[in-house]
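As a plain string of letters, each chain reads:
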Amino acid sequence: MADTAADYRARAAADLAEAQQLVLPHARNRMLHSADRWSKMADVADRRVR
């Protein structure tokens, strides 16, 4: 399981890239939501390190 901020940000970027390719609004929103969660997890991991 990814446990560093860089890993979480990479997952968020991958979800954003996938969301750009999706046509169905529901699927796109699900990917955007997922990217947002990964980004928030990265922020928490950054704060944990500092």
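Note that the structure is a prediction, hence the values are computed from the model and not measured.

*Asks:* Got a sec to walk through the nonpolar core? Specific residues and values, please.
*Replies:* Formed by Ala-5, Tyr-8, Ala-12, Trp-38, Ala-42 and Ala-45, the largest nonpolar core amounts to six residues. For this core, the secondary structure elements donating two or more residues are α1 (5-21) and α2 (25-49).

*Asks:* I'd love a proper account of the packing of α1 against α2, names of residues and values included.
*Replies:* Across the interface, α1 lies against α2 with an axial gap of 8 Å and an inter-helix angle of 165°. With respect to α2, the axis of α1 lies roughly antiparallel. Of the two elements, α1 crosses α2, and the hand of that crossing is left-handed. Across the interface between the two elements, Ala-5, Tyr-8, Arg-9, Arg-11, Ala-12, Asp-15, Leu-16, Glu-18 and Ala-19 of α1 pack against Arg-28, Met-31, Leu-32, Ser-34, Ala-35, Trp-38, Ser-39, Met-41, Ala-42, Asp-43, Ala-45 and Asp-46 of α2. Its residues placed into classes, the contact of α1 with α2 shows 12 nonpolar, two polar and seven charged.

*Asks:* Go over the pattern of salt bridges with me, naming the residues and quoting the values.
*Replies:* Inspection of every chain in the model, using the stated rule, returns three salt bridges. With its nearest N and O atoms 2.6 Å apart, the salt bridge here joins Arg-9 to Asp-46. With Arg-9 in helix α1 and Asp-46 in helix α2, this residue pair connects regions lying 37 residues apart in the sequence. With relative accessibility at 34%, the residue Arg-9 sits in the partly exposed group.

*Asks:* Would you mind going over the environment of His-33 in detail, with residue names and values included?
*Replies:* Here His-33 is to be found in helix α2. Judged by relative accessible area, which is 46%, His-33 ranks as partly exposed. Distance in space between the C-alpha atoms of His-33 and Arg-9 is 14 Å, their sequence separation being 24 residues.

*Asks:* I'd love a proper account of the packing of aromatic side chains, names of residues and values included.
*Replies:* Applying the stated criterion across every chain yields a total of one aromatic pair. Aromatic side chains Tyr-8 and Trp-38 sit 5.7 Å apart centroid to centroid with 25° between the ring planes, which places their arrangement in the stacked category. In this pair, Tyr-8 sits in helix α1 while Trp-38 sits in helix α2, placing the two residues 30 residues apart along the sequence. Residue class for Tyr-8 comes out buried when judged on its relative accessible area of 9%.

Rules and cut-offs
Residues numbered from 1 in each chain as written. Predicted model: local features only at pLDDT ≥ 70, side-chain atom pairs only at ≥ 80, totals over all residues. Heavy atoms only, no water. Core = buried A, V, L, I, M, F, W, Y, C linked by side-chain atoms within 4.5 Å. Buried < 20%, exposed > 50% of the residue type's maximum accessible area, 1.4 Å probe, protein only. Helix = DSSP H or I, 4+ residues; strand = E, 2+ residues; numbered from the N terminus. Axes fitted to C-alpha atoms, helices over the stretch in contact; angles between N-to-C directions. Parallel < 35°, antiparallel > 145°, perpendicular 65-115°, else oblique. Left-handed = near helix turned anticlockwise from the far one by under 90°. Contact = heavy atoms within 4.5 Å. Nonpolar A, V, L, I, M, F, W, Y, C, P; charged D, E, K, R; others polar. Salt bridge = Lys/Arg side-chain N within 4 Å of Asp/Glu carboxyl O. Phe/Tyr/Trp six-rings, centres within 6.5 Å; stacked < 30°, edge-to-face > 60°.

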